[in-house]
Amino acid sequence: DPILSALCVLWLLAPFLGWAVSRERSGRARPGEEERVFLLHTAGDIWRYFQRLVTEERHWLPPDNLQETPEEEIAERTSPTNIGLALLSAVAAWDLGLTDRGSAFALVAHMLDTLETLPRFRGHLYNWYDIRSLAPLEPPYVSTVDSGNLLACLITLAGAAEEAGEPVLAEKAR
């Protein structure tokens, strides 16, 4: 059977193919000065969004979006993905020198504290919350995509907090 033969060949080649695609590449392109400046400026814009809008009045949760025109309007809702991105944005801002360590990890601590208080369904966060009342938005549902995004962010956060010498935050993130 030719199909079975082809599958056997692929199976035999799998270790080599795995090695080939996962090996380190030499000569990786590094961003030039212009790209580096652009990326740092963009990171600063992102950080300023979270720094301005993740506040005590919003229970330290990031709004879903900010509409700038025709007039400014803030979407007072959030999702697990938004929360994860805000957590990592704080750590990245510190790492890039956009904020000091104390401010970054204080914001992370506030967000994690709020995260622990959010209503859940069988232990899972709902997909949307009102950031003023912390109530799940109707209809309440759990999103595996958003939950997975938050999980990836929390794993990354735990590693970053541990590296930064923040063991309590690392444990909370885990």
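Structure first, text after, so check above.
To keep things clear, this report deals only with the structure shown in the data block.

Here is what the cut-offs are and how they apply
- Residues numbered from 1 in each chain as written.
- Predicted model: local features only at pLDDT ≥ 70, side-chain atom pairs only at ≥ 80, totals over all residues.
- Heavy atoms only, no water.
- 1 Å grid on protein atoms, 1.4 Å probe; cavity = no way out; pocket = protein on both sides within 12 Å on 5 of 7 lines; lining within 4 Å.
- Points joined across faces, edges and corners; volume = space filled by probe spheres on them.
- Helix = DSSP H or I, 4+ residues; strand = E, 2+ residues; numbered from the N terminus.
- Nonpolar A, V, L, I, M, F, W, Y, C, P; charged D, E, K, R; others polar.
- Expected span 1.5 Å × (residues − 1).
- Buried < 20%, exposed > 50% of the residue type's maximum accessible area, 1.4 Å probe, protein only.
- Patch = residues over 30% accessible without salt bridge, like charges linked within 9 Å, V, L, I, M, F, W, Y side chains within 5 Å.
- Areas by Shrake-Rupley, 256 points an atom, 1.4 Å probe, with all protein chains shown as cover.
- Salt bridge = Lys/Arg side-chain N within 4 Å of Asp/Glu carboxyl O.
- Arc of directions from axis to C-beta.
- Contact = heavy atoms within 4.5 Å.
- Polar contact = N/O pair within 3.5 Å; in protein donor to acceptor, adjacent residues only side chain to side chain.

Let's shift gears to the layout of surface pockets. Approximately 250 Å³ is the volume attributed to the largest pocket. Lining the largest pocket are 15 residues, and of these Leu 115, Arg 120, Leu 125, Leu 150 and Leu 154 sit closest to its centre. Put simply, the parts of the chain that give the lining of the largest pocket at least two residues each are α4 (101-117), β5 (124-125), α5 (144-163) and α6 (167-173). Per-element tally for the lining of the largest pocket: the top contributor is α5, with four residues. Of the residues contributing to the lining of the largest pocket, the split by class is eight nonpolar, three polar and four charged.

Across its 16 residues, helix α3 (residues 80-95) extends 23 Å between first and last C-alpha, which sits within 8% of the 22 Å expected from 1.5 Å per residue. Considered for burial, the residues of α3 that qualify are Pro 80, Thr 81, Asn 82, Ile 83, Gly 84, Ala 86, Leu 87, Ser 89, Ala 90, Val 91 and Ala 93. Looking at the residues trailing α3, positive phi occurs at Gly 97, about 80°.

A word on a nonpolar patch on the surface. A surface patch of nonpolar side chains, amounting to about 840 Å² of accessible area, comprises Ile 3, Leu 7, Val 9, Leu 10, Leu 13, Phe 16, Leu 17 and Trp 19. Tracing the backbone through its elements, the reader meets Val 9 in helix α1 (residues 2-22).

Further remarks concern α5. For α5, with 20 residues, the first-to-last C-alpha span of 29 Å sits near the 28 Å given by 1.5 Å per residue. Among the residues of α5, those classed as buried are Asp 146, Leu 150, Cys 153, Leu 154, Leu 157, Ala 158 and Ala 161. An end-on view of α5 places all buried positions within 145° of arc, on one side of the element. Pointing more than 90 degrees away from the buried face of α5 are the exposed residues Thr 144, Val 145, Leu 151, Ile 155 and Glu 163. In this fold, the buried residues of α5 make contact with α3, α4, β5 and α6. One side-chain oxygen at the N-terminal end of α5 lies 3.3 Å from the backbone nitrogen of Val 145; it belongs to Ser 143.

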